Amino acid sequence: MPLYGYNQHMTRATQSYPALPAVVADQLQKLGRDLTVARKRRHLSLREMANRMMVNLKTVQRLEKGDPAVGIGIVAAALWILGMHRRLGDLAAPETDTTALQEDIRNLPRDFRKTKSRSDKYDF
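On a predicted model such as this, the values are computed, not experimentally measured, just so you know.

At a minimum axis separation of 10 Å, helix α3 (residues 46-53) and helix α5 (residues 72-81) run at an interaxial angle of 110 degrees. For the element pair α3 / α5, the angle class is roughly perpendicular. Considering only the axes of α3 and α5, their crossing is right-handed. Contact with α3, carried on its side by Met 49, Arg 52 and Met 53, involves Ile 74, Ala 77, Ala 78 and Ile 81 of α5 and no other residues of that element.

So, on to α3. Regarding α3, the residues found buried are Met 49, Ala 50 and Met 53. Projected down its long axis, α3 carries its buried residues within an arc of 100 degrees, all on one side. Every exposed residue of α3 that faces more than 90 degrees away from the buried side is listed here: Arg 47 and Asn 51. As for α3, its buried residues are in contact with α2 (22-41), α4 (57-65) and α5. The first or second residue beyond α3 is Met 54, which carries a positive phi of 60 degrees.

A word on the packing of α3 against α4. Viewed as axis vectors pointing N to C, α3 and α4 meet at an angle of 105 degrees, and their least axial separation amounts to 8 Å. Considering their axes alone, α3 and α4 lie roughly perpendicular with respect to each other. Contacts between α3 and α4 involve Leu 46, Arg 47, Met 49, Ala 50 and Met 53 on the former and, on the latter, Leu 57, Val 60, Gln 61, Leu 63 and Glu 64. In terms of residue class, the contact of α3 with α4 is built from 7 nonpolar, 1 polar and 2 charged.

Conventions used here
- Residues numbered from 1 in each chain as written.
- Predicted model: local features only at pLDDT ≥ 70, side-chain atom pairs only at ≥ 80, totals over all residues.
- Heavy atoms only, no water.
- Axes fitted to C-alpha atoms, helices over the stretch in contact; angles between N-to-C directions.
- Helix = DSSP H or I, 4+ residues; strand = E, 2+ residues; numbered from the N terminus.
- Parallel < 35°, antiparallel > 145°, perpendicular 65-115°, else oblique.
- Left-handed = near helix turned anticlockwise from the far one by under 90°.
- Contact = heavy atoms within 4.5 Å.
- Buried < 20%, exposed > 50% of the residue type's maximum accessible area, 1.4 Å probe, protein only.
- Arc of directions from axis to C-beta.
- Nonpolar A, V, L, I, M, F, W, Y, C, P; charged D, E, K, R; others polar.

Read these as layout, nothing more, since geometry by itself doesn't imply function.
As structure tokens, this is what we get:
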């Protein structure tokens with residue numbers, strides 16, 4: 001018998017996976033492949049990785065296939081085991097958010113967006 005609310009939650013989540021944009025699904029699969037390569041380069045078996053992450057073998061297999069149902073905590077644990085966890089904090093860093101920076105520039109008052117003419121060159 002499922003826990004109260006568990007089945008409902010999974011239904012909503014399951015419905016959202018096919019709705020992922022193709023580019024996002026591709027990036028998750030790439031992440032999975034990259035994690036597989038990193039694990040193998042460190043000579044870790046799937047079972048060793050699962051044991052270190054304190055998850056079952058199937059979870060690591062799903063992670064390495066790019067399954068969108070794998071939680072971000074599992075991804076973070078894998079990155080930590082592989083010594084790649086510092087990158088996680090920079091994924092959405094404001095200083096590298098070019099879309100927001102472009103929007104900030106578009107929202108500047110018109111006076112700031114004009115390029116200075118030669119006559120304004122030495123106007124302090």
